[in-house]
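Spelled out from the first residue to the last, the chains are:
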Amino acid sequence: QVQLVESGGGLVQAGGSLRLSCAASGRTVSLDAMGWFRQAPGKEREFVTAITSSGSTYYADSVKGRFTISRDNAKNTVYLQMNSLKPEDTAVYYCAVGSYSGQYFIKTEGVYDYWGQGTQVTVSS
């Protein structure tokens, strides 16, 4: 079993930055894909970004150029640096871990086995 704990959410003005962290425990996740998803009020959860065990990264079009995902395998942690935040980025952000080693389905929720509890990000205009 893997437990995931997100942190770093909060309230920020449009144009500002936040850095989310997701610490994994229970076993090493260095060989797993790690991802971030978000769910805005009244909307379905959507893919934001993911990073494979080899360091390949994938982004939703809506965050490309503004968000950066990274991982520190020594700390069993994945990060999400969010810059130039917009009000439409307001959502609960979830990190996820999965043993999927490919790329074609890495944006799909189904390949992730473990999920964090979520952290709220609110961007004011």
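Residues numbered from 1 in each chain as written. Predicted model: local features only at pLDDT ≥ 70, side-chain atom pairs only at ≥ 80, totals over all residues. Heavy atoms only, no water.

Caption draft 1: Structural detail: the sheet that holds strand E7 (residues 67–72). Read from one edge of the open sheet, 4 strands run E1-E3-E8-E7, paired in antiparallel fashion. Two strands bound the open sheet, and with one partner strand each, they are strand E1 (3–7) and E7. When strand polarity is set aside, the average angle formed by the axes of neighbouring strands in this sheet is 15 degrees. Bridge analysis of E1 against strand E3 (residues 18–25) gives 5 bridges, and the strand direction is antiparallel. (Pairing = 2+ DSSP bridges. Helix = DSSP H or I, 4+ residues; strand = E, 2+ residues; numbered from the N terminus. Axes fitted to C-alpha atoms, helices over the stretch in contact; angles between N-to-C directions.)

Caption draft 2: The arrangement of unusual backbone geometry in detail. Here the phi dihedral of Asn76 falls at roughly 55 degrees; this positive angle occurs in a residue that is not glycine. Relative to the assigned elements, Asn76 resides in the loop between E7 and strand E8 (77–82). Positive phi outside glycine occurs at Ser84, with the angle close to 50 degrees. Looking at the secondary structure, you find Ser84 in the loop between E8 and strand E9 (91–98).

On their own, these measurements won't tell you what the molecule is for.
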